Amino acid sequence: MLQGWVVIAVALAYIGLLFLVASYGDRTRGLGGGLGREGRTRLMIYPLSLAIYCTSWTFFGSVGSASRTGYEFLTIYIGPMLMIGLFSPLLIRIVRLAKAQNITSIADFIAARYGKGQAVAATVALIAIVGTIPYIALQLKAVSASLETILAHITAQGDVTRPLLGDIALFVALSMATFAVLFGTRHIDATEHQDGLMLAIATESIVKLFAFLAVGIFVTFWMFGGPGALFEAARQHSQTAGLFTREPPFATLLATTLLSFVAILLLPRQFHVAVVENNNEDEIKRAAWLFPLYLVLINLFVVPIALAGLLTFPAGTVDSDMFVLALPLQTGSNVLTIAAFVGGLSAATAMVIVESVALSIMVSNDIVMPLVLQRREALLSGRENVGSLLLMVRRIAIFVILLLAYMYYRAAGEAQLASIGLLAFAAVAQLAPAFFGGLFWRRATAGGAIAGMSAGILVWAYTLLLPTFADIGVVGQRILIPAAPWVTDAPEA
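Residues numbered from 1 in each chain as written. Predicted model: local features only at pLDDT ≥ 70, side-chain atom pairs only at ≥ 80, totals over all residues. Heavy atoms only, no water.

1. Remarks on the overall build of the protein
Counting its regular elements, the protein contains 23 helices and zero strands. Looking at the 493 residues of the protein, the share that counts as buried comes to 56%. Restricting to contacts in the protein with at least 6 residues of sequence separation, those with at least 24 account for 84%. Approximately 20500 Å² of the protein is accessible, and the part contributed by carbon and sulfur atoms is 65%. (Helix = DSSP H or I, 4+ residues; strand = E, 2+ residues; numbered from the N terminus. Buried < 20%, exposed > 50% of the residue type's maximum accessible area, 1.4 Å probe, protein only. Contact = heavy atoms within 4.5 Å. Areas by Shrake-Rupley, 256 points an atom, 1.4 Å probe, with all protein chains shown as cover.)

2. Here we look at the packing of aromatic side chains
With the rule as written, the count across this model stands at 15 aromatic pairs. Taking 6.5 Å as the distance between ring centres and 20 degrees as the angle between the ring planes, the aromatic pair formed by F218 and W222 counts as stacked. Within this pair, F218 and its partner W222 are both found in helix 10 (residues 195-223), separated by four residues, close to a single helical turn. F218 gets classed as buried once you look at its relative accessible area, which sits at 14%. Judged by its relative accessible area of 69%, W222 falls in the exposed class. On the basis of an interplanar angle of 20 degrees and a centroid distance of 5.8 Å, the ring pair of F313 and F323 is categorised as stacked. Taken together, the residues span a long stretch of sequence, with F313 in the loop between helix 15 (302-312) and helix 16 (323-331) and F323 in helix 16 at a distance of ten residues. Judged on exposure class, the residue F313 and its partner F323 are both buried. Connected via pairs of aromatic rings, a cluster forms that spans Y53, W57, Y77, Y135 and F425. (Phe/Tyr/Trp six-rings, centres within 6.5 Å; stacked < 30°, edge-to-face > 60°.)

3. Some details on the environment of L391
Mapped onto the secondary structure, L391 falls in helix 19 (residues 387-411). Residue L391 is classed as buried on the basis of its relative accessible area, which comes to 11%. A sequence separation of 31 residues divides L391 from S360, and the C-alpha atoms of the two residues are 9.5 Å apart.

4. Quick look at the packing of helix 10 against helix 16
At a minimum axis separation of 10 Å, helix 10 and helix 16 run at an interaxial angle of 50 degrees. Between helix 10 and helix 16, the crossing angle belongs to the class labelled oblique. The two elements helix 10 and helix 16 cross, and the hand of that crossing is left-handed. Residue-level inspection shows F212, V215, F218, V219 and M223 of helix 10 in contact with helix 16, the latter providing V324, L327, P328 and T331. Among the residues forming the contact of helix 10 with helix 16, the class breakdown is eight nonpolar, one polar and no charged. (Axes fitted to C-alpha atoms, helices over the stretch in contact; angles between N-to-C directions. Parallel < 35°, antiparallel > 145°, perpendicular 65-115°, else oblique. Left-handed = near helix turned anticlockwise from the far one by under 90°. Nonpolar A, V, L, I, M, F, W, Y, C, P; charged D, E, K, R; others polar.)

5. What to know about the confidence of the model for the protein
Scored by pLDDT, the protein has a mean of 83; 84% of the residues are at 70 or more. This stretch, residues 160-165, has a pLDDT under 50; its non-local contacts, to residues over four places away or in other chains, come to five contacts. Considering only residues more than four positions removed or in separate chains, one finds that residues 483-493, a stretch of pLDDT under 50, has six contacts. (pLDDT = per-residue confidence, 0-100.)

6. A short note on unusual backbone geometry
Of note, N102 is a non-glycine position whose phi angle comes to about 55 degrees, a positive value. With respect to the helices and strands, N102 occurs in the loop between helix 6 (88-100) and helix 7 (106-112). The exposed category is assigned to N102, whose relative accessible area is 55%. Its identity is not glycine, yet K116 carries a phi of approximately 55 degrees, on the positive side.

7. Side note on a nonpolar patch on the surface
A surface patch of nonpolar side chains, about 600 Å² in accessible area, is lined by Y71, L74, I78, L82, L86, F87 and F231. It is helix 5 (residues 75-86) that provides the largest number of residues to the nonpolar patch, a total of three residues. The residue L86 is located in helix 5 in this model. Accessibility expressed as a relative area gives 63% for L86, which makes it exposed. (Patch = residues over 30% accessible without salt bridge, like charges linked within 9 Å, V, L, I, M, F, W, Y side chains within 5 Å. Salt bridge = Lys/Arg side-chain N within 4 Å of Asp/Glu carboxyl O.)

8. Some thoughts on helix 21 (residues 432-440)
Of all nine residues that make up helix 21, seven are buried, and the element is covered over most of its length. Taken together, the buried positions of helix 21 are A432, A434, F435, F436, G437, G438 and L439.

9. Considerations on the side chain of S49
With respect to the helices and strands, S49 occurs in helix 3 (residues 40-50). With a relative accessible area of 1%, S49 lands in the buried category. Dropping the residues within four chain positions of it, S49 is found in contact with M198, I201 and V273.

10. Describing helix 9 (residues 168-184)
With 17 residues, helix 9 should reach 24 Å at 1.5 Å per residue; the first-to-last C-alpha distance of 23 Å fits that figure. The element helix 9 is extensively covered by neighbouring structure, given that twelve of its 17 residues are classed as buried. Of all the residues in helix 9, the buried ones are I168, A169, V172, A173, S175, M176, A177, F179, A180, V181, F183 and G184. (Expected span 1.5 Å × (residues − 1).)

So this is what it looks like as structure tokens:
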């Protein structure tokens, strides 16, 4: 029988393994030329690092989304396939511009297109932080929910021994913050490539892919005897018969495809791995086919696992986001249960580490340091340079961002993983007009960019962020649905 302490030990061992991989990568800097033939290793690391796009939202949430809305989940992956696969010349142009101007973040890139205006960079940084905190909270929720699923099953089996680690989400947040500080803030120059961190991220991409494929093969061929038998059983079941045959709303498909199309570049972590960490254009050409292939493979068994979960568990008994984990648990397969847990942990940790590093660079370069330089004499007295202060600001920022995400996770209630992910996508989409306008429209101005981004994020906060707090009673529903002036006795919302 699977024990709770075994799961905790595996998680700790896996995080330790990532430390070793990242340390190895840092010791052998220049992996591209140091391993294999003429940079072949680096050509593989780059598309695998792009797969940081596949977070716990992919590993757990795609199955949950498929079990509720059918094939709509695919739009989250069609957009990135189009951007990286068909629009790779656009990415190459962005990388060329970034390298020419020593760009370190998406805030720097957008600001550079508007005369390097500091107000533009600060606005982008604030929007990125506010919009990404719910996304980081999603990862904490996924790891915590996966562990709770395992512990609930163990308790039901009669093993009441539970790990005495307190809140696992807080422990995970602090561990991720420590990793990000150790391997993401070693160098003052943010344009210097972090080979160790990227090698660890590429390793995690391989782990989560193989873990998901292993669970999918087991569920499809071992539990149900093949895809034909599984889909036939789904056709005979009332809950699943019409799920994947209904016609999804076109407006929803278009909106989520557009959101994912821009998110693959505008999310801070995606810009960091796609642009800042890029070494040469050959990497992009390799990623143009390898990254879409990765997305196809990791989504290959989403629908079979969703159908299997709906057929196996009575409605409402198991969170559909946790079908990937619950199905191996149900059959007593400890090995696949551990594999699924580690795969989900990989998907979450990769995203959180790189996202927090990318955000910390924006906090230091675009928010804190401009204020420090305005009061140079008072704040930098006795310092020969600002390097040590810069690193300290980044390290503090990483811990603050992770703690804010943890607080949001504790307050957000029982929101589904997919809904939280779309919340973050919609936030960074507010950067799209300024980002692409700066690339293609010569008459775009800094004032217009700031006005557009500010208006967009305020609308996003009112229509998407506040409702998540209203659902749990932090703010009143009347703030969101005010009574019409001609109604004298409006009912309670």
